[in-house]
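So you can see what is in the structure, the chains are spelled out below.
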Amino acid sequence: MPQKKVYIETLGCQMNLADTERMLGMLDEIDYTPTDIREEADLSILNSCSIREHAVDKMRSYIGLWDKKRKPGSLIALAGCVAQQEGASITQIAPGADIVIGTHNIHRLPDLVLQAQKNQAEDIHERVIEIWEELPEDIPEVPILRKNKYHAWVNIIYGCNYRCTYCIVPKTRGDQRSRSIAEIKREIETLAMEGFKEIMLLGQNVDGYGLDIGTSLAALLREVHEVEGIERIKFLTSHPCDMTYELIETVAALPKVAKYFHIPIQAGNDGVLKRMARRYTYARYMELISYIRKLMPQASITGDIIVGFPGETHEQFMDSVKAVREIRYDACITAVYSPRPYTPAADWEDPISAEEKNERIRLLNAVSAEVAEEQSKRYLGTTQQVLVEGLSQRNPRRLAGRIFDNKTTNVDVPGISDLEAAPGESEAELSQRISKQLEQYFGKTIGVKITKAHAWALRGELISGPSQNEKNLRKALAISD
Ligand code: SAM
Ligand code: SF4
C-alpha cells in the first residue's frame, strides 16, 4: 500500500516544535511520511499556539483555507495550545477540523487518526475530538522524528507553576512536571549513539526543573555532561526566580555547556513586574546578570520583553528600554501585550492606544538591534567553533551553523564562493556540485574566523576542520573555554 503523507504547520515556541517531531514519529508508525507540500497531504495538522491573539488568527485562517482547498479524502487535524485552551467549544473556532487533540494527550494521535479514517470510510460525519484535562500520571515515551540531524530538543519539564497575569501557558500546558534524570539521560545517550552533537534541554521554566522531584537543573547538567559524543548542551527558557548561583556556577564549570542564557525579564520596571506577578525586581534580575558576567564575561544573554502591558506608563516603558541597554542583550524578543482569555490581566483597564504601543515597540526594537549589533562585535576577529547544520538559506554557497554560545553563523569555505561552472556544466549542475562539496561539513565542528558581525548573525571564514571533536579542536587552536 502506498504510504500516506502528512503535513504539519507549527506555530509558536520550541515546545510546539518538539511536539511536532513527536507527532511525526508516532504517525510514521501508522505509515504516514512527512511532506512539505500541503496540497498533496492526506493529513494536514495545525499545531496551534495561543500565546498571542495573532497566532490564534493565523490558526483560523490556515484551517479555513485548508478546508476550502481540501485534497479529496484528506483529513485536517487541529492540535496544540488553542485546542487545549478551548476544549469542546473548539469546533466553533475551527469548524473545518476533522480531528481535535489537546497538548496533554498527544500520544493518542495515531488512534484518533485511525478513528477519523474509519469514520470517513464508513461515511460517518463525526469529528474526532479528544482533549484531556491533565497530563497522564506516567507520560508515555513516544517515537520522535527529528528534523535536524545534529541538534535535538529534549523536553525536561512540562507545564509551569507560575501564574504570570498575562500568560495562557498554565492553562494550555498545566502544572510543572519534571521528567526523571534517568529517563532524560537515556534519551540523550540514544541521541548520542545516533550521531546528535547538540542538545537543547527544553521547558517553560527549565530552572525550576527538579523542584517537584527533589533534584535540580544543575544536577541534570552534570549528568548529561557525561554523555559521550554530545559536544554541546544548552537549556531554555530560564526564569529569574528559579535561577540559582549554583546553576550559574555549574554552567561556568562544565566545558560542554554553552555559555548561553535565555532569561526573559518581561519589563524593566518594578511596578509593572509586580502587576505581571513575575515575583522578582529589576535589581534581583541585574544581580543574576552580574554574576553570570563575572564568571563568564563572554556569555551570550538573550531575553523577552512585553510592551504595553495594561496601564504601563511611558516612563515605565522607558525603564524597559533602559534595561536593554544595561543588560546588553545579544538578542531581545519583543511583543506587544495581547490580552488572553482566562488570564487576570485580560480584564484590566488598558488606556494605552494601539498606535502608542506600536510606537513603543518600534523604539524598543531599534534599541535592541543597536545593542545586539554592538554585542556581536565582540566576536569580530575571533576564532569560533561552529557546528554546521546545513547550507545558508540566503546563500547556498555558504555553510550555516551556530557558535558554541548559540549565535547563528554563516561560513564561507575557501574556493567555493567563486567557483564557476565547468565547460558544458549547467548552473543547476554547478549548484549540485557545490552542495555535494559542502555536505562533508554537515554535523561537524569547524574553526571559523569571524569577519562580519550583524545584530542577529555572524559571518566568517573556515580556517580549520572539520573536526568531530570540538574539545580537540579547541586544544589544537589553543582556545580557552
Ligand atoms: N516561561 C517563559 C518566561 O517565564 O518568561 C516564557 C514563555 S512564553 C511561551 C514566551 C514569551 O511570550 C514570554 O516570554 C512573553 O514575552 C511572551 N508572552 C506571553 N504571554 C504574552 C501575552 N499575553 N502578550 C504578549 N506576549 C506574551
Ligand atoms: Fe507563562 Fe509566567 Fe509560566 Fe513563563 S513563568 S510560562 S510567562 S506563567
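Structure first, text after, so check above.
The shown structure was predicted, so the numbers you read here are calculated from the model rather than taken from an experiment. (Residues numbered from 1 in each chain as written. Chains lettered and ligands numbered in written order. Predicted model: local features only at pLDDT ≥ 70, side-chain atom pairs only at ≥ 80, totals over all residues. Heavy atoms only, no water.)

*Asks:* Hey, could you run me through a negative patch on the surface in this one?
*Replies:* Taken together, the side chains of E133, E134, E137 and D138 present a region of like negative charge at the surface. With respect to the secondary-structure elements, E134 resides in the loop between β6 (128-130) and β7 (151-155). (Patch = residues over 30% accessible without salt bridge, like charges linked within 9 Å, V, L, I, M, F, W, Y side chains within 5 Å. Areas by Shrake-Rupley, 256 points an atom, 1.4 Å probe, with all protein chains shown as cover. Salt bridge = Lys/Arg side-chain N within 4 Å of Asp/Glu carboxyl O. Lys, Arg positive; Asp, Glu negative; His and termini not counted. Charge placed at Lys NZ, Arg CZ, Asp CG, Glu CD. Helix = DSSP H or I, 4+ residues; strand = E, 2+ residues; numbered from the N terminus.)

*Asks:* Mind showing me how you'd approach the side chain of S392 here?
*Replies:* Within the fold, S392 resides in the loop between β15 (383-391) and β16 (399-403). Classification of S392 by relative accessible area gives buried; the value is 5%. In this structure the side chain of S392 is engaged in a polar contact, spanning 3.1 Å, whose partner is the backbone nitrogen of N395. When residues no more than four places from it in sequence are discounted, the contact partners of S392 are R398, L399, A400 and N410. (Buried < 20%, exposed > 50% of the residue type's maximum accessible area, 1.4 Å probe, protein only. Polar contact = N/O pair within 3.5 Å; in protein donor to acceptor, adjacent residues only side chain to side chain. Contact = heavy atoms within 4.5 Å.)

*Asks:* Honestly, the sheet that holds strand β1 (residues 4-10) in this entry has me stumped. Any pointers?
*Replies:* By definition, the strands of a sheet pair up through backbone hydrogen bonds, in either a parallel or an antiparallel sense. The six strands lie next to each other as β2-β1-β3-β4-β5-β6, forming an open sheet whose pairing is parallel. Both edges of this open sheet fall to β2 (32-34) and β6, since each of them pairs with a single strand only. The sheet shows a mean angle of 20° between the axes of neighbouring strands, direction not considered. In this structure, β1 lies alongside β2, joined through three bridges in parallel fashion. Residue pairing in the sheet places K5 in a bridge with T33 of β2. (Pairing = 2+ DSSP bridges. Axes fitted to C-alpha atoms, helices over the stretch in contact; angles between N-to-C directions.)

*Asks:* Explanation requested: the nonpolar core in the structure shown.
*Replies:* Counting residues in hydrophobic clusters, the biggest one holds 70 residues, and the most contacted among them are L201, L217, L221 and F235. The element best represented in this core is helix α11 (residues 282-295), accounting for seven residues. Beyond its immediate chain neighbours, meaning those up to four positions away, L221 contacts L201, I233, F235, L247, T250, V251, L254 and V257. In terms of nonpolar packing, the next biggest core, distinct from the first, is built from 21 residues, V6, L24, I45 and V128 among them. (Core = buried A, V, L, I, M, F, W, Y, C linked by side-chain atoms within 4.5 Å.)

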